[in-house]
Amino acid sequence: MDFNPQRTARYFVLRFKRLRGDPQSLALGTAIGIFIGITPTLPLHTVTIIGVTFLLRASTIAAIVAASVISNPLTFALQYYLSWKIGDTLMPGRLTWERLQDVLHVLTNSGFMDGLRAVSQLSGDAILVMLTGGVLMALPLALVSYFLSLRFFHNIQKKRRHKHILH
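Note that this is a predicted model, so its numbers are computed, not measured. (Residues numbered from 1 in each chain as written. Predicted model: local features only at pLDDT ≥ 70, side-chain atom pairs only at ≥ 80, totals over all residues. Heavy atoms only, no water.)

> Help me get a handle on the side chain of H45, residues and values and all.
Mapped onto the fold, H45 is located in helix α3 (residues 45–56). Given the relative accessible area of 9%, H45 is considered buried. Discounting residues that sit within four places of it in the chain, H45 has contacts with I36, G37, T39 and S71. (Helix = DSSP H or I, 4+ residues; strand = E, 2+ residues; numbered from the N terminus. Buried < 20%, exposed > 50% of the residue type's maximum accessible area, 1.4 Å probe, protein only. Contact = heavy atoms within 4.5 Å.)

> Before we move on, could you go through helix α5 (residues 76–90) and cite the residues and values that matter?
An ideal rise of 1.5 Å per residue puts 21 Å on 15 residues; α5 measures up with 21 Å between its terminal C-alpha atoms. Taken together, the buried positions of α5 are occupied by F76, Q79, Y80, S83, W84, G87 and D88. Along α5, the residues classed as buried sweep out an arc of 155° about the axis, all on the same side. Turned more than 90 degrees off the buried face of α5, the exposed positions are L78 and T89. (Expected span 1.5 Å × (residues − 1). Arc of directions from axis to C-beta.)

> Report on the environment of F152, specifying residues and quantitative values.
Relative to the helices and strands, F152 is located in helix α8 (residues 124–166). Classification of F152 as partly exposed rests on a relative accessible area of 27%. Considered as a pair, F152 and A27 are 125 residues apart in the sequence and their alpha carbons are 8.6 Å apart. Not counting chain neighbours up to four residues away, the residues in contact with F152 comprise V13, F16 and K17.

> Help me get a handle on the packing of helix α2 (residues 23–38) against helix α4 (residues 60–70), residues and values and all.
Following both chains from N to C, one finds α2 and α4 inclined at 40°, their axes separated by 7 Å at the closest point. The angle between α2 and α4 places the two elements in the oblique class. Note that α2 runs across α4; the crossing there is right-handed. For the pair α2 and α4, the contacting residues are L26, G29, T30, G33, I34, G37 and I38 in the first and A62, A63, A66, A67 and I70 in the second. (Axes fitted to C-alpha atoms, helices over the stretch in contact; angles between N-to-C directions. Parallel < 35°, antiparallel > 145°, perpendicular 65-115°, else oblique. Left-handed = near helix turned anticlockwise from the far one by under 90°.)

> Outline the packing of aromatic side chains, supporting the account with residue identities and numerical values.
In this structure the tally under the stated criterion is 6 aromatic pairs. Between W84 and W97, the aromatic rings sit 5.4 Å apart at their centres with planes inclined by 40°, giving tilted as the arrangement. Of this pair, W84 sits in helix α5 while W97 sits in helix α6 (residues 97–109), and the two are 13 residues apart along the sequence. Comparing W84 with W97 shows no difference in burial state: the two are buried. Seen in terms of ring centroids, F152 and F153 are 5.2 Å apart; in terms of plane orientation they differ by 75°. Their pairing is edge-to-face. Clustering of aromatic rings is evident, with ring pairs tying together F16, F152 and F153. (Phe/Tyr/Trp six-rings, centres within 6.5 Å; stacked < 30°, edge-to-face > 60°.)

Have a look at this one:
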């Protein structure tokens, strides 16, 4: 089976269009999913998303869909590299790229528990480098995604109301 980026993009747009609920909740869920999906917390994405969306009363489904769009096997390496690069720029020498590659290999090729073990073997400094870089990369993207998705979900809601009035 060949990967078709246009077909994949249409699929995810359709998944977002089919989401029901309050536009603010859907947009907040989308932003949370983008934020958590970008952060280098791979073995804990879903658990974190469920907890944060529950606390903030945001759409968990929108968050999980958004996270799967932004964080997937095609994007893991780039996200982890950029998180490391940004974090290493601010805190140089605390984590080598080679060590990070070893952990990334375990995360993408092993099970959940192996991934947790690999991450837990990193030092506190290494985790700080990655989280700092990931958060600094994720925050602006999450903010932009909130406002774009809020407009998107408002427009979808408006179209649904208009269609309902016509029928």
